[in-house]
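One-letter residues, chain by chain:
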Amino acid sequence: YEISACLVGSEMCIRDRPDFCLFSWKFSIKFSMKRSVFFVLLVFSLPLHLWIGFPEYARIEYLRPIYEPMCSALNCSLPLLKKTSAIELKEMRVRYLEEEEFVPVLQFSLVNRANYHNTYPRCRLVFKDLDGVELSDVEFHSKEFSMNHREHEGMPVGIPVEFLVPLEEPPIKAVNYELFLM
């Protein structure tokens, strides 16, 4: 279905119906059913997409202003911001706990350099040999191994948070390790 309008004199009228005039500007309007269906789908899919992606999108700084009014209207709370580049790693070492038997542990601290409470990052510890070849890796969520974690709070701003992660025995050839924050 195409409805087209054209200019007759100084008024805009629908073709074949000069008695039905709409505007007095000089332009023509073409309205197609396909375009309108596409527009309606776009208008409804964008908010749906933003709602489905809420847990991850609301942690991104530039999308947060979109979610703040929605959350205040729906009485929900925004998740903490997530920016791993603002987290600094300090004092990392692998050592053995001297309890009943020697248990290898990874001890490190993280400092949040952002000006807001950040989420605790996921971590990946990689053991390497002399040639830099990865021998094994361990993935974990840092929040689970925090020595001074408070429930329902993110990483405090500027305060070092200590972590102690028990490990399996690293491979015999392992001489180096590296920690990645994700």
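See the structure above.
This write-up is about the structure you can find in this document. Keep in mind that this is a model prediction, so the values were computed, not measured. (Residues numbered from 1 in each chain as written. Predicted model: local features only at pLDDT ≥ 70, side-chain atom pairs only at ≥ 80, totals over all residues. Heavy atoms only, no water.)

**Some points on the overall build of the chain**
1) Next: Each helix and strand in the chain was counted, giving 3 helices and 10 strands.
2) Next: In sequence order, the chain lays out its α and β elements as β-β-β-β-α-α-α-β-β-β-β-β-β.
3) Next: Across the 182 residues in the chain, those meeting the buried criterion constitute 30%.
4) Next: Excluding contacts between residues fewer than 6 apart, the proportion of contacts in the chain whose partners are at least 24 apart in sequence is 52%.
5) Next: For the chain, the exposed area adds up to about 13000 Å²; of that, 57% sits on carbon and sulfur atoms. (Helix = DSSP H or I, 4+ residues; strand = E, 2+ residues; numbered from the N terminus. Buried < 20%, exposed > 50% of the residue type's maximum accessible area, 1.4 Å probe, protein only. Contact = heavy atoms within 4.5 Å. Areas by Shrake-Rupley, 256 points an atom, 1.4 Å probe, with all protein chains shown as cover.)

**Overview of the state of the cysteines**
1) Next: In this structure the tally under the stated criterion is 1 disulfide.
2) Next: Two residues, cysteine 71 and cysteine 76, share a disulfide whose sulfurs are 2.3 Å apart. Its S-S torsion of about -95° marks the bond between cysteine 71 and cysteine 76 as left-handed, since a negative value means left-handed.
3) Next: Judged by its relative accessible area of 5%, cysteine 71 is buried.
4) Next: The partly exposed category is assigned to cysteine 76, whose relative accessible area is 32%. (Disulfide = S-S within 2.5 Å.)

**Overview of the pattern of salt bridges**
1) Next: Considering all chains together, one arrives at 6 salt bridges under this definition.
2) Next: In this structure, lysine 83 engages glutamate 61 in a salt bridge whose closest nitrogen and oxygen atoms are separated by 3.6 Å. Here the residue lysine 83 occupies a position in the loop between helix H3 (64-74) and strand E5 (87-98), and glutamate 61 occupies one in the loop between helix H2 (54-57) and H3, the gap between them amounting to 22 residues.
3) Next: Classification of glutamate 61 as partly exposed rests on a relative accessible area of 44%.
4) Next: Of the charged contacts in the structure, one is a salt bridge between glutamate 178 and lysine 128, with a shortest N-O distance of 2.8 Å. (Salt bridge = Lys/Arg side-chain N within 4 Å of Asp/Glu carboxyl O.)

**Things to note about the side chain of serine 142**
1) Next: As for its position among the elements, serine 142 is in the loop between strand E8 (134-141) and strand E9 (161-166).
2) Next: One polar contact links the side chain of serine 142 to the main-chain carbonyl oxygen of proline 121, over a distance of 2.7 Å.
3) Next: In this structure, serine 142 is in contact with Tyr120, Pro121, Cys123 and Phe163, ignoring residues within four places of it in sequence. (Polar contact = N/O pair within 3.5 Å; in protein donor to acceptor, adjacent residues only side chain to side chain.)

**A few points about a nonpolar patch on the surface**
1) Next: Taken together, Phe39, Val40, Val43 and Phe44 make up a surface patch of nonpolar side chains, about 420 Å² in accessible area.
2) Next: Locating phenylalanine 39 in the fold gives a position in helix H1 (residues 33-52). (Patch = residues over 30% accessible without salt bridge, like charges linked within 9 Å, V, L, I, M, F, W, Y side chains within 5 Å.)

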